[in-house]
Amino acid sequence: MSHDLLIAGAGLSGALIALAVRDRRPDARIVMLDARHGPSDQHTWSCHETDLSPEWLARLSPIRRGEWADQEVAFPDHSRRLTTGYGSIEAGALVGLLQGVDLRWNTHVATLDDTGATLADGSRIEAACVIDARGAVETPHLTVGFQKFVGVEIETDAPHGVERPMIMDATVPQMDGYRFIYLLPFSPTRILIEDTRYSDGGDLDDGALAQASLDYAAKRGWTGQEMRRERGILPIALAHDAIGFWRDHAQGAVPVGLGAGLFHPVTGYSLPYAAQVADAIAARDLTTASARRAVRGWAIDRADRDRFLRLLNRMLFRGCPPDRRYRLLQRFYRLPQPLIERFYAGRLTWADRLRIVTGRPPIPLSQAVRCLPERPLLQERA
């Protein structure tokens, strides 16, 4: 084999796998292939401090563009400040960590299999371990709603006054499902304003959402120069058959990331799950078969533990009128902070789950009962 590890796709999942393997095996021959011309500066990955292990926090610390000690949310009926740390990294900085990796941009993969990649020009690159990290693909084993966003980053003429991330400002008019504004203050005069919608459809009007972000800035009295934009259409899992997915991927390269349904079902956050998958691969022998066993085992276990989170999504998307979806999140953010932290980290206890659904029902009981079964949503896609 010409390489120990071949990763198709230089996004988040592929980069974290390369980092984890390189740290464990500094002499590993790693090649990463991507069809793009170079790293993008149009994507920001964020997560809560409690979502990552101490090892990953240390590993990513040198490239953190933003790091805050707390965060806040705002809803029509209440607002809240949480003392949970929050941090952000950008795609270009992440790629900069890949020292020693043979990173090849503008490289188009024609076919990918368990022993390597055949490129569009007919050449062949072989490796002992082959990972497919090229992004989301449609699969009958995953039924989703969508989290859509367009963010506009501006350099303000005067200090904007935002001291910490605003994870959700849902005081804005509700439209196209659950809508909120997400704010990341990178400096006293630099801020990312992101209009976000939890919607049934995956269509994204970039111009309309960008203008909505700019309108929000104007309402806050922020004027200045636009520096960049970013956009995204993230899947929100309503139903997931992980066993069926991995039955279909018993051969070939090992899928990871969004292409394997490996993201937080409710929030769409992918950084914490990608870090755990990278650890699972790095801890095993560097072969495609070993990586498949590691990722498959992790993914099926994760999907089983995430059943409750997918139920919450079905209640949000299928049990609640779009203009009232904010009420479920408003209610959720009245719960204890440790529970909220465990929710984002995907570590809910049975007591946490009971606490979330007890009390005054967030939606009528008759509608909640109809949301319980997961299988019918998958059958809709069959």
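Above this text you will find the structure in question.
Analysis parameters
- Residue numbers restart at each chain and count upward from 1, following the sequence in its written direction.
- For this predicted model, a pLDDT threshold of at least 70 governs which residues receive local features, and a threshold of 80 or more governs which side-chain atom pairs are given and counted, while totals over whole chains, interfaces and linings are taken from all residues.
- Each side-chain value is worked out from all heavy atoms of the structure, with water and hydrogens disregarded.
- When DSSP finds two or more bridges between two strands, those strands count as paired.
- Under the scheme used here, helices are H or I runs from DSSP no shorter than 4 residues and strands are E runs no shorter than 2 residues, and both carry numbers assigned from the N terminus.
- The axes are straight lines fitted to the C-alpha atoms, using for helices just the contacting stretch, and the angles between their N-to-C directions are given from 0 to 180°.
- What makes two residues a contact is simply this: any of their non-hydrogen atoms within 4.5 Å.
- We define a salt bridge as a side-chain nitrogen of Lys or Arg found within 4 Å of a carboxyl oxygen belonging to Asp or Glu.
- The buried label applies to any residue whose accessible area, calculated with a 1.4 Å probe on protein chains only, is under 20% of its type's maximum; exposed applies above 50%, and partly exposed to all values in between.
- An angle below 35 degrees is read as roughly parallel, one above 145 as roughly antiparallel, one from 65 to 115 as roughly perpendicular, and any other as oblique.
- For this classification, the nonpolar set comprises Ala, Val, Leu, Ile, Met, Phe, Trp, Tyr, Cys and Pro, the charged set comprises Asp, Glu, Lys and Arg, and every other residue, Gly included, is treated as polar.

### Let's talk about the sheet that holds strand E7 (residues 86-90)
Then comes step 1: On the basis of which strands lie adjacent, the open sheet formed by three strands has the order E3-E7-E4 and antiparallel pairing. Lying at the two open borders of the sheet, with one neighbouring strand each, are strand E3 (44-48) and strand E4 (64-68). On average, adjacent strands in this sheet sit at an angle of 15° to one another, irrespective of strand direction.
Then comes step 2: Sheet topology note: the E4/E7 ladder contains four bridges and is antiparallel. Each residue of the ladder has a partner; that of Trp 68, found in E7, is Tyr 86.

### Regarding the sheet that holds strand E15 (residues 190-199)
Then comes step 1: Pairing is mixed in the open sheet, where seven strands are placed in the order E6-E5-E13-E14-E15-E12-E16. Sheet topology places strand E6 (79-82) and strand E16 (224-240) at the edges, where each strand pairs with a single neighbour. In this sheet, neighbouring strand axes are inclined to one another by 15° on average, regardless of whether the strands run parallel or antiparallel.
Then comes step 2: Against the sheet, helix H8 (residues 307-318) makes contact with strand E12 (142-156), E15 and E16, and its axis sits at roughly 110° relative to E16, the strand it touches most.

### Observations concerning the pattern of salt bridges
Then comes step 1: Summed over the entire model, instances satisfying the criterion amount to 35 salt bridges.
Then comes step 2: Among the ionic pairs, Asp 132 bridges to Arg 134, the shortest N-O distance being 2.9 Å.
Then comes step 3: Judged by relative accessible area, which is 47%, Arg 134 ranks as partly exposed.
Then comes step 4: The shortest N-O distance in the salt bridge between Asp 200 and Arg 325 comes to 3.0 Å. Here the residue Asp 200 occupies a position in the loop between E15 and helix H4 (206-219), and Arg 325 occupies one in the loop between H8 and helix H9 (326-332), the gap between them amounting to 125 residues.
Then comes step 5: Residue class for Asp 200 comes out partly exposed when judged on its relative accessible area of 46%.
Then comes step 6: Exposure remark for Arg 325: the relative accessible area of 1% places this residue in the buried category.

### Describing the packing of helix H7 (residues 288-305) against H8
A pair of packed helices is characterised by two quantities: the angle between their axes and the separation of those axes.
Then comes step 1: At a minimum axis distance of 4 Å, the contact between H7 and H8 shows a crossing angle of 50°. Regarding the angle of H7 to H8, the classification is oblique. Here Ala 303, Asp 304 and Arg 305 of H7 lie close against H8, whose contacting residues are Arg 307, Phe 308 and Arg 310.
Then comes step 2: For the contact of H7 with H8, the per-class residue count stands at two nonpolar, no polar and four charged.

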